[in-house]
Amino acid sequence: MPPLPPLSPSPVVLRFTLSALICAIMVTLSAPARGGGAARRPTVVMAAPLGQEVVAQDGAEIVIWNAQGEQLARFAGHTPFRGSLAAGKLAGVFDEGLGVRFGKAYAKLLLLDDPPALVTLRRVFLSANGQLVAALHRNKGLAGHADTVSFWNANTGRKKGMTHVMSGRRLLEVALAKKGRLAVVCGDRERREVFCRSLRIRKKVRQVSSWRSAAHRTVYSLDVGPSSTRVAVSVTGEILVFSLPQLKLLTRKPVSALSALFPPQLRRLLEPFPSAHVLRFSPGGDQLFTFHGTKVVGVGRWALLSGRRSGLTAKAWLPRPRGLHGAIKELLWGPKGAILLFAGAGGVALQRYEGNERVFHETLRFVPRPNSR
C-alpha cells in the first residue's frame, strides 16, 4: 500500500512522490516520549479484506489480531516487512526469507521457490482467496526501481513465472483478481507516460492486453473489482475505469470533482489536486473510495454506475478523524459499507476508525498482550 501522511497538521510537509508512496508503509513516524525514551510507532500496518484480521510490525515483532481485537499471533520480525494478509495467510518478507505464514498462530512458514534477492523486493501482494503471491522487484542489480513482477502458488511455493518491462520503465503497482487468476500491473516511463498490462495467471504468466497514455505522468493506485471485470486506476489528476481483461477504457473522472463537496472556504485548497493516493472498490463493485493526502486530507466516496449510465459520481467527503494524532497506515472497505481506517497508536498498538456517511468514529484499539509469545 502507498504512503499515508499524518492526519493532523505538521510543520514537516510530506512530499507525495511515487517512491514515497510505495515505501512509506514502512516509514516510522515519531511519537511523544514514553518513559524518557522515544515511543515506537508501528512501521507496517495492513488488514485482510473487510478488516477480518489486522497485522502490525514495529521493527522487532509482528502481531496479528482478529476483527474483535483478540490477538491471534505474535512472533519476531526484524526484517522490514513487505507483504499482504488474506484468507488466513500472511505473505511477505520474514526473517527467514520470502514466504507465506499460515495455520494456528501463523506458526507454519512456507518459503517460496526461487525468490529474488530480498534487498531487491519492493512490495508483496496476496490474492483475496490466499492462492496467489505476487512480488515487485528488480531483476538485475540491487539498486533502482522495480522492473519485474513474479508470481507464486501460495499453497505449494512453486513459482508460476514473471514478466519484465523495458529499460527506462518502472513498475509501481499490482492489483490481483479475487481468485488469483488475473493481475494488472502498472507503472510509468520516466514520469512522462503511464502504462498498464493485464496478465493471465495459470500454469504460466501470459499477457492479455496493454494500455499506455502520454497524457498522464504517473500512476498512484489501482484495484480490480470484485467481479474481476473492471479495474480502476488512479493517475495524474484523474480516475480511470477499464474493462478486463482487454483494458478498454469505460469511464474517466477528474478527482477535482470532489471540490463540490467542500465548504467554499476549503475549495481553494483543492488545487492543485494531483490524484488519489489510494483507490479501492467496494465489495459490491458499485462504489469506490479514494484517499487524498495533500493539503486537505481525507477520503472521497464515489458511486460507480455501469451500462448505458456508466460513469463516476462524487458522493461524499470524509475528513480526517478528529483526535487522531498518529498517521493513517491502512484503509479498506469493511462490512456493511463502512470504510475502515487504521492508524498507529504507539508501540504495536493500533486505532481503528469506521466511516459510513461523512464522519469517522473510533471503534476499537488493537493492543498486544505483553505475555503472549
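Heads up: these notes are all about the structure in this document. Everything numeric here is computed off the predicted structure, so don't read it as measured data.

1. Considerations on the state of the cysteines
On inspection of all chains with the given rule, the structure shows 1 disulfide. Between Cys186 and Cys196 runs a disulfide, and the two sulfur atoms are separated by 2.1 Å. On the sign convention where negative is left-handed, the bridge of Cys186 and Cys196, at about 110 degrees about the S-S bond, is right-handed. Here Cys186, found in strand E16 (residues 182-189), pairs with Cys196, found in strand E17 (residues 194-201); they are 10 residues apart in sequence, far enough to count as distant. Looking at Cys186, the relative accessible area reads 0%, which means it is buried.

2. Examining the environment of Trp152
Checked against the element boundaries, Trp152 lands in strand E13 (residues 148-153). For Trp152, a relative accessible area of 0% translates into the label buried.

3. Some thoughts on the packing of aromatic side chains
Within a pair of aromatic rings, the relevant descriptors are the distance that separates the centres and the angle that separates the planes. Considering all chains together, one arrives at 7 aromatic pairs under this definition. Seen in terms of ring centroids, Phe75 and Phe94 are 6.4 Å apart; in terms of plane orientation they differ by 55 degrees. Their pairing is tilted. Highlighted residues: Phe75 in strand E6 (residues 71-76) and Phe94 in strand E8 (residues 89-94), separated in sequence by 19 residues. Ring centres of Phe81 and Phe94 lie 5.3 Å apart, and the angle between their planes is 55 degrees; on these two criteria the pair is classed as tilted. Residue Phe81 is located in the loop between E6 and strand E7 (83-86), and its partner Phe94 is located in strand E8; the two are separated by 13 residues in the primary sequence. Both residues of the pair, Phe81 and Phe94, count as buried. Taken together, the ring pairs connect Trp65, Phe342 and Phe366 into an aromatic cluster. The ring of Phe75 carries Arg101 above its face, with NZ or CZ at 4.1 Å from the centroid. Above the ring of Phe195, the side-chain terminus of Arg169 is found at 4.9 Å from the ring centroid.

4. Focus: the sheet that holds E6
Across the sheet, 4 strands lie side by side as E3-E4-E5-E6; this open sheet has antiparallel pairing. The sheet is open, and its two edges are formed by strand E3 (44-47) and E6, each paired on a single side. Across the sheet, the axes of successive neighbouring strands diverge by a mean angle of 10 degrees, strand direction being ignored. For strand E4 (residues 53-57) and strand E5 (residues 61-66), the ladder comprises 5 bridges, and the chain directions are antiparallel. Each residue of the ladder has a partner; that of Val55, found in E5, is Ile64.

Each value, and the rule that gives it
- Residues numbered from 1 in each chain as written.
- Predicted model: local features only at pLDDT ≥ 70, side-chain atom pairs only at ≥ 80, totals over all residues.
- Heavy atoms only, no water.
- Disulfide = S-S within 2.5 Å.
- Helix = DSSP H or I, 4+ residues; strand = E, 2+ residues; numbered from the N terminus.
- Buried < 20%, exposed > 50% of the residue type's maximum accessible area, 1.4 Å probe, protein only.
- Phe/Tyr/Trp six-rings, centres within 6.5 Å; stacked < 30°, edge-to-face > 60°.
- Lys NZ or Arg CZ within 6 Å of the ring centre and 35° of its normal.
- Pairing = 2+ DSSP bridges.
- Axes fitted to C-alpha atoms, helices over the stretch in contact; angles between N-to-C directions.

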